[in-house]
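# Breakdown of the fold
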Amino acid sequence: MPRDTTEITSDLLLSAYASGVFPMAERRDDPDIFWVDPRRRGILPLDGFRMSRSLSRVIARGRFGVTLNADFAGVLDGCADREETWINPGIAALYADLHARGFAHSLEIWDGEVLAGGVYGVTLGAAFFGESMFSRRTDASKVALAYMVTLLRRQGFMLFDTQFLTDHLASLGGIEITRAAYHDRLRDALARTARLEGPVPDQSAVRHLRSQTS
């Protein structure tokens with residue numbers, strides 16, 4: 001059943017993630033949200049990221065700057081800046097509150113002073129719930145995911161939840177698992193402790209994913 005976002009608190013949102021469900025709205029101007037618990041869940045295995053030679057070269061060239069939690073609002077706006085989006089103003093406000101409380105995080109990709117892409121999500125225990133990503137430059141979202149996977153691996157995370165599996169995520173190693181298998185992995189991850197914090201890894205550490213996961 002849909003619920004108006006004015007009735008939802010950030011604490012309720014955290015409880016929903018811990019229960020394996022996440023929020024979506026039909027469109028930007030719809031005040032209602034739906035709780036979603038898909039039969040098939042998308043995840044990005046942290047030991048199975050697919051680093052292509054071309055992506056490794058993009059990272060090596062150093063075109064993009066990378067930051068963590070430097071512009072959460074900008075990443076949130078970038079993810080919502082599309083013709084169809086499930087991020088309505090109420091949902092955006094909830095994630096902004098979670099960010100202020102240290103539960104929601106963004107990783108930014110910069111082309112000079114321009115925010116070229118990024119990814120944001122929520123952390124609980126050793127689980128990272130990836131909410132959305134965007135790209136304004138070729139390969140920016142792939143670079144964002146490569147850096148995020150490197151950070152999560154380095155800091156002891158066990159689960160990178162992508163909610164659904166897209167062709168883009170599948171090309172990077174994303175897979176689908178059953179709802180029951182997801183809840184098993186979630187339970188294990190919530191029993192551990194991890195923190196998503198800097199410093200951002202250097203290029204060599206991120207490119208090293210290719211040898212670690214290929």
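Read on for a plain summary of the structure. (Residues numbered from 1 in each chain as written. Predicted model: local features only at pLDDT ≥ 70, side-chain atom pairs only at ≥ 80, totals over all residues. Heavy atoms only, no water.)

Another aspect to go through is helix H4 (residues 89-100). If you check H4, its first and last C-alpha atoms are 17 Å apart, about what twelve residues at 1.5 Å a residue would give, namely 16 Å. Within the span of H4, buried status applies to Ile-91, Ala-92, Leu-94, Tyr-95 and Leu-98. Down the axis of H4, the buried set is contained in an arc of 160°. They therefore lie on one face. Residues of H4 that are exposed and angled more than 90 degrees away from the buried face: Pro-89 and Ala-100. (Helix = DSSP H or I, 4+ residues; strand = E, 2+ residues; numbered from the N terminus. Expected span 1.5 Å × (residues − 1). Buried < 20%, exposed > 50% of the residue type's maximum accessible area, 1.4 Å probe, protein only. Arc of directions from axis to C-beta.)

Per the stated rule, a full pass over the model turns up five aromatic pairs. Between Phe-22 and Phe-164, the ring centres sit 5.7 Å apart and the planes meet at 85°, which makes this aromatic pair edge-to-face. Linking Phe-22 in strand S2 (residues 22-24) with Phe-164 in the loop between strand S9 (159-163) and helix H6 (167-171), this pair joins segments that are 142 residues apart in sequence. Relative to Tyr-120, the ring of Phe-72 has its centre 5.7 Å away and its plane inclined at 80°; by these criteria the two rings are edge-to-face. Here Tyr-120 lies in strand S7 (residues 114-124) and Phe-72 lies in helix H3 (residues 72-80), a separation of 48 residues in the sequence. The exposure class of Phe-72 is buried, given its relative accessible area of 5%. (Phe/Tyr/Trp six-rings, centres within 6.5 Å; stacked < 30°, edge-to-face > 60°.)

Taken together, seven strands build an open sheet; the order of strands is S5-S6-S7-S8-S9-S4-S10 and the sheet is mixed. At either margin of the open sheet sits one strand with a lone partner, and together these are strand S5 (65-68) and strand S10 (175-178). Taken pair by pair, the neighbouring strands of this sheet meet at an average axis angle of 35°, ignoring direction. Here four bridges tie strand S4 (residues 40-43) to S10, and the two strands are oriented antiparallel to one another. Pairing of Arg-40 across the sheet is with Thr-178, part of S10. (Pairing = 2+ DSSP bridges. Axes fitted to C-alpha atoms, helices over the stretch in contact; angles between N-to-C directions.)

Glancing now at the packing of helix H1 (residues 10-18) against H4. Relative orientation of the contacting elements H1 and H4 amounts to 85°, with a least axis distance of 9 Å. The angle between the axes of H1 and H4 places the two elements in the roughly perpendicular class. For the pair H1 and H4, the contacting residues are Ser-10, Leu-13, Leu-14 and Tyr-17 in the first and Leu-94, Tyr-95, Asp-97 and Leu-98 in the second. In terms of residue class, the contact of H1 with H4 is built from six nonpolar, one polar and one charged. (Parallel < 35°, antiparallel > 145°, perpendicular 65-115°, else oblique. Contact = heavy atoms within 4.5 Å. Nonpolar A, V, L, I, M, F, W, Y, C, P; charged D, E, K, R; others polar.)

On to the pattern of salt bridges, then. Applying the stated criterion to the full structure yields nine salt bridges. Asp-37 is the salt-bridge partner of Arg-179, the closest N and O atoms lying 3.8 Å from each other. Of this pair, Arg-179 sits in helix H7 (residues 179-190) while Asp-37 is found in the loop between strand S3 (32-36) and S4, placing the two residues 142 residues apart along the sequence. Connected via shared salt-bridge partners are Asp-37, Arg-41, Asp-161 and Arg-179. (Salt bridge = Lys/Arg side-chain N within 4 Å of Asp/Glu carboxyl O.)

What follows covers unusual backbone geometry. Residue Gly-198 is joined to Pro-199 through a cis peptide bond whose omega torsion reads 5°. Following the sequence through the fold, Pro-199 ends up in the loop between H7 and helix H8 (203-207).

Relative to the 21 Å expected for 15 residues at 1.5 Å per residue, helix H5 (residues 140-154) spans 21 Å between its end C-alpha atoms, a close match to the ideal helical length. Among the 15 residues of H5, twelve are classified as buried, and the element is accordingly described as predominantly covered. For H5, every residue scored as buried is listed here: Ala-140, Ser-141, Val-143, Ala-144, Leu-145, Ala-146, Tyr-147, Met-148, Val-149, Thr-150, Leu-151 and Leu-152. Directly after H5, the chain includes Gly-156, whose backbone phi takes a positive value near 85°.

The next point concerns the nonpolar core. One finds Tyr-17, Ile-87, Tyr-95, Tyr-120, Val-122 and Phe-129 to be the most contacted residues of the largest nonpolar core, which totals 35 residues. Elements represented by at least two residues in this core include exactly H1, S3, H3, H4, strand S6 (104-111), S7, strand S8 (127-135) and H7. Residue contacts for Tyr-95: discarding those within four places in its chain leaves Leu-13, Tyr-17, Pro-23, Phe-72, Trp-86, Ala-104, Tyr-120, Val-122 and Glu-131. Membership of the second largest hydrophobic core comes to 34 residues, among which are Ala-144, Ala-146, Phe-157 and Phe-160. (Core = buried A, V, L, I, M, F, W, Y, C linked by side-chain atoms within 4.5 Å.)

Shape descriptors only; they carry no functional weight alone.
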